[in-house]
Amino acid sequence: MGSRTEVGVIGSAVFAPRDPGRMSLEEALHAVTKHALHDAGIGIDDIDGIVVAANDQLDGRAISIMAASGSVGGVGRDILSTPSGSEHAFVLASLRVRSGMYRTQLVVSWSPLEVDSISETQRLSNDPYYHRALPLDDLSSHALQANALEAKVPGLRAAAVQVTVTNRRHGALAYPEYAPAPREAVLIAGGKMLRWPITDAMVSQPAFAAVALVLASDEWISGRGNCKTAWVHGLGWATETAYLGDRDLSRLPSLQAAAAQAYQEAGVDAQAPKFDLAEVADATPYQELVALEGLGLCPRAQWVDAAQRDAFGRDGPTPTNLSGGALSFNPVFCTGLMRIAEAANQTRGCAGAHQLPGVKTAVAHGASGFAMQYNTVVVFGQHSRETTQ
Amino acid sequence: MKAPRVGIIGIGQSQFKARRSDANYPELVREAVTLAMGDSGRSLDEIEAVVYSLAPDALLGIGNAERLGVDAVGARNKRFMRINTGGSTGISSLAAAHSHIAAGACELVLVAGADKVGECGDSQTILNKIWDPTYERSLPLGTITMLAMSAIRYMHKYGMTQEDMARIVVKNRAHAALNPNAHLRAPTSIDEVMHSRMIAWPIKLFDACPQSSGGCAMVLASEDYIRRNGLEAVWITGVGHSSESYYIGDRMGIGYSADHADAQALGEACSRAYKMAGVTDPVRQIDTAELYSPFSNTEFHAIEAAGLAPLGQSPRMLREEGCFQIGGRNPVNPSGGVLCANAIAVTAMVRVAEAALQVWGRAGAHQVKGAQRAIASGNGGDHQFFGAMVVEA
Amino acid sequence: MELMTRTEKWNITYQHALGETASWFFAQIRDHQQIYGRRDPKSGRVLVPPRAFSDETLEATREWVAVGPEGSIECFTIVYEAFNNLPDPPYAFGYVLLKGADTAIGGFFRGLDLHDAAAAAARLAVGTPVITRFAEHRTGDVLDFWFELAP
């Protein structure tokens, strides 16, 4: 068999207008598509296929891919949709390029603010058999997870506050106009309680954004020359079971499984993984900690100490969420793809104001669903695996 | 670089019915999974990834309902994702699973889903919500009216009559009478179809698909895995997808690139699948076809898009030459097709399942004799997304 | 064996931003009883209803073009079945190519007897000339206009 096809990210864009009400959703998707293609230095005719991800109930369209398709170049093209998560769109697009059947893929995800109650749309994902009557939305599920973690890790609350402080500091540099949430520890700790133990300052208000990435095969990239590329060294994804009562919410075995898949493929030592930075799910600060543990970057015995030492800060040993994460800028449905885009851009040297100098490897993690039901891990490298072997 | 062949080693589908009050949604998925895993002879533990087939959440009344299906498909701590391309979801899910294996990421992938359309109260209300709120949501558009309009244009362009449409229903019901999994199995006559109640001119009750409940699952494996384990399989040798503009009004008027009467993007999807499979002469090389067609009139443009008849000719060929029936040339929908069973989330997967059973020689009473190569298709959105797959022995 | 069911209703409200293009289109209908299309520069097609970009070429559209009120029927259907939350049957609607437009816009056909389906269908045949009529009280919606057979 010939050498394996490598996949690289060669372009990305985030479209987050100040006043989303001025454009229709389709116009916003068209804009993010054009920006991503421009960033990749290509036209829509170079795109062999598209994978999108959105939530019908959030969009108010019963099949969200339909009206969106034209905006992202779907006419005459192969376009699929993975509503399970924005990260899954990246996974499928990567697989399609790797299969050798597609030279390029465009990935687009979005999270509008047109619904009267995001919480209600989330609550509708509860089964009508047993759980629909409960006030169980994403935030409640994250709170239940935080609760379970606090019971296992003494002093966790202070660490959660510190993680929030760090991410807000990062967000102030990366997305200053979009990160209005409190930055001071005393404000974060003393915020209004939303769902015990999550305060309003520990999360970020929903924001509108559309995110797009362009992927290409190594053969296509070498034919073009001149592409700033983040190579996918490893990819892993896995799911928990759905009923929260069937899970130990203080653990996340599906993240370990996803990390194991990605690390095996990337040749990363699962016992001692090392990256120049990480972009991980952080709808709440508790998520970031449990994500870092699942990625093998910080076991829970060290959470409190590491947070106190600002280990996850830009200048620390484990730089995490230099973009500020969802704790700073929260386009609810597509935060997972944003983490992947951020890690890719850091690797490509295109991250802008929050670029960490000399990034050679990065790990991205995205989570979707109640209490991080789905977990996806992507390992990026500056050079293709062929050249590093 | 040519993509590797991906094999189908297990198939499971429900006996489709209007309602399944005996099973909740995850249980219906599990039923199909159990059938498919049993058929494959492998254990659920060995499955490395699951692709979950689920069309609009609203039809089930559960947002992101795939989350509830995780245990039904044995996916705890495993690779899992859900696909939704409307009515073509089932075939798109198989295409996604095909990519998992062709990419070398997995050797054994399960594709599964179910639907309970009969339980949702009124599917046309929800299907009205697929239209864009800017311009078209105020109009009483639904899948029936949208495709009734396609019939009007096809009639205008090619002279198809309502009797021609009825002939498709008669053909498919006769096929479904031989298929124990079909929902509507009673044979019918042109007369009975013509006298059935008018829903949206020219589509009458008998011209329309039922609202079915049931599940479908398939097990896909790499060629290497199949050889190592000495398994029987049939092969997916061609995959193609394409789409039209969402705007139906753009598929008419002046200077259109696709006519709403035809199924141009389906033609593109089939061409891409044929090219990958090395099929250059479908009429001679395709032994049978399972073409997604929820209304009688749409089967004609699907047949033409699949290259089995020149544009506009298929009504005459059915009427005068007996083509497209079991026993005739290029039998289409030997299972009875979508007209006889439509559990939306999986219907397009059932097309591939039935095509696979045909080339495997396992289609029982509705077997097309000697079938070696078949094409299956799926339609989604407002006649917008199309998937095609070539399956071979 | 007792089998139970549970009733659930979805109650969600959306505020969909229409953007500048659609907003201007609806304002012209509301204030001036005039329908407009927008030209896709690459294909030359005047898109009705208008969009800020063409989904076939992904290029921005340019140039507002007044279209109608005359037009011809591109396709139609007549609905005889009741569906929840949709109008009481019978009603006819479909797509009309307005004069000056290259794509067809959806709307109701009013003012003809629908009780004899075949006869009504013959009167609505593809190519039939129609005229656009506007409601006296308009709000800026596609329901502000409909089509009637040209006299």
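The rules behind the values
Residues numbered from 1 in each chain as written. Chains lettered and ligands numbered in written order. Predicted model: local features only at pLDDT ≥ 70, side-chain atom pairs only at ≥ 80, totals over all residues. Helix = DSSP H or I, 4+ residues; strand = E, 2+ residues; numbered from the N terminus. Buried ≥ 20, exposed ≤ 12 C-beta atoms within 10 Å, placed from the backbone. Contact = placed C-beta atoms within 7 Å. Expected span 1.5 Å × (residues − 1). Pairing = 2+ DSSP bridges. Nonpolar A, V, L, I, M, F, W, Y, C, P; charged D, E, K, R; others polar. Axes fitted to C-alpha atoms, helices over the stretch in contact; angles between N-to-C directions.

How would you sum up the overall build of chain B? Please name residues and give values.
Scanning chain B from terminus to terminus reveals 13 helices and 11 strands. Oriented by its inertia axes, the alpha-carbon framework of chain B measures out at about 55 × 45 × 40 Å. Within chain B, the fraction of its 393 residues that count as buried is 72%. A separation threshold of at least 6 residues defines the contact pool for chain B, and within that pool the share at least 24 residues apart is 78%.

How would you summarise the interface of chain B and chain A if you had to cite specific residues and measurements?
Each partner contributes to the interface: chain B provides 53 residues, whereas chain A provides 51 residues. Mapped onto the side of chain B that touches chain A, the elements with two or more residues apiece are α2 (57-60), β3 (79-83), α3 (89-102), α4 (123-128) and β8 (234-243) of chain B.

Tell me about unusual backbone geometry, and name the residues and values.
It is generally the case that most residues other than glycine have a negative phi and that most peptide bonds are trans. Looking along the chain, the bond that leaves W201(B) and enters P202(B) is cis, with omega of 0°. Structurally, P202(B) is set in the loop between β5 (198-200) and β6 (203-204). Here the amide bond leading from P89(C) into P90(C) is cis, since omega sits at 0°, within 30 degrees of zero. Counting through the fold element by element, P90(C) comes out in the loop between β4 (70-79) and β5 (91-98).

Break down helix α6 (residues 162-176) of chain B for me, with residues and values.
A rise of 1.5 Å per residue sets the reference length of α6(B), with its 15 residues, at 21 Å; its end C-alpha atoms lie 21 Å apart and thus fit the reference within 8%. With 13 of 15 residues buried, α6(B) is to be regarded as a mostly interior element.

Just give me the short version of the pairing of β4(C), but keep the residues and values in it.
Residues and elements named next belong to chain C. Among the 10 residues in β4, eight count as buried, and that is most of the element. Inspection of the sheet shows β4 paired to strand β7 (residues 129-134) by three bridges, in the antiparallel sense. Note that in β7 the partner of G71 across the bridge is V130. Summarising the sheet, β4 and β5 pair through eight bridges and their orientation is antiparallel. Its bridge partner lying in β5, T77 is registered against F93.

For the interface of chain C and chain B, give the residues involved together with the corresponding values.
With 41 residues of chain C in contact, the opposing surface of chain B contributes 37 residues. When residues of the side of chain C that touches chain B are traced back to their parent elements, those giving at least two are β4, β5, β6 (105-109) and α2 (117-123) of chain C. When residues of the side of chain C that touches chain B are assigned to their parent elements, the largest contribution, six residues, is made by β4(C). For the side of chain C that touches chain B, the class distribution of residues is 25 nonpolar, eight polar and eight charged.

Account for the sheet that holds strand β2 (residues 49-53) of chain A, with residues named and values stated.
All names here are of chain A. Read from one edge of the open sheet, nine strands run β3-β2-β4-β7-β1-β8-β11-β10-β9, paired in mixed fashion. Every other strand in the sheet has two partners, leaving β3 (78-81) and β9 (277-279) as the edge strands with one partner each. For this sheet, the mean angle separating the axes of adjacent strands, direction not counted, is 25°. The pairing of β2 with β3 spans four bridges and is classified as parallel.

Residue-level account of the sheet that holds strand β1 (residues 6-13) of chain B, with values.
Residues and elements named next belong to chain B. One open sheet accounts for nine strands, arranged β3-β2-β4-β7-β1-β8-β11-β10-β9; its pairing is mixed. With one partner strand each, in any of the chains shown, β3 and β9 (288-290) form the two edges of the open sheet. Strand-to-strand twist across the sheet, computed as the mean angle between neighbouring axes with direction ignored, equals 25°. In the sheet, β8 pairs with strand β11 (residues 385-392) via eight bridges, with the strands oriented antiparallel. By the bridge assignment for β11, G240 is matched with A388.

Break down the environment of Q162(A) for me, citing the residues and quoting the values.
All names here are of chain A. Here Q162 lies in helix α7 (residues 156-174). For the pair Q162 and A174, spaced 12 residues apart in sequence, the C-alpha separation works out to 18 Å. Excluding residues within four positions of it along the chain, Q162 makes contact with A185, A307 and Q308.

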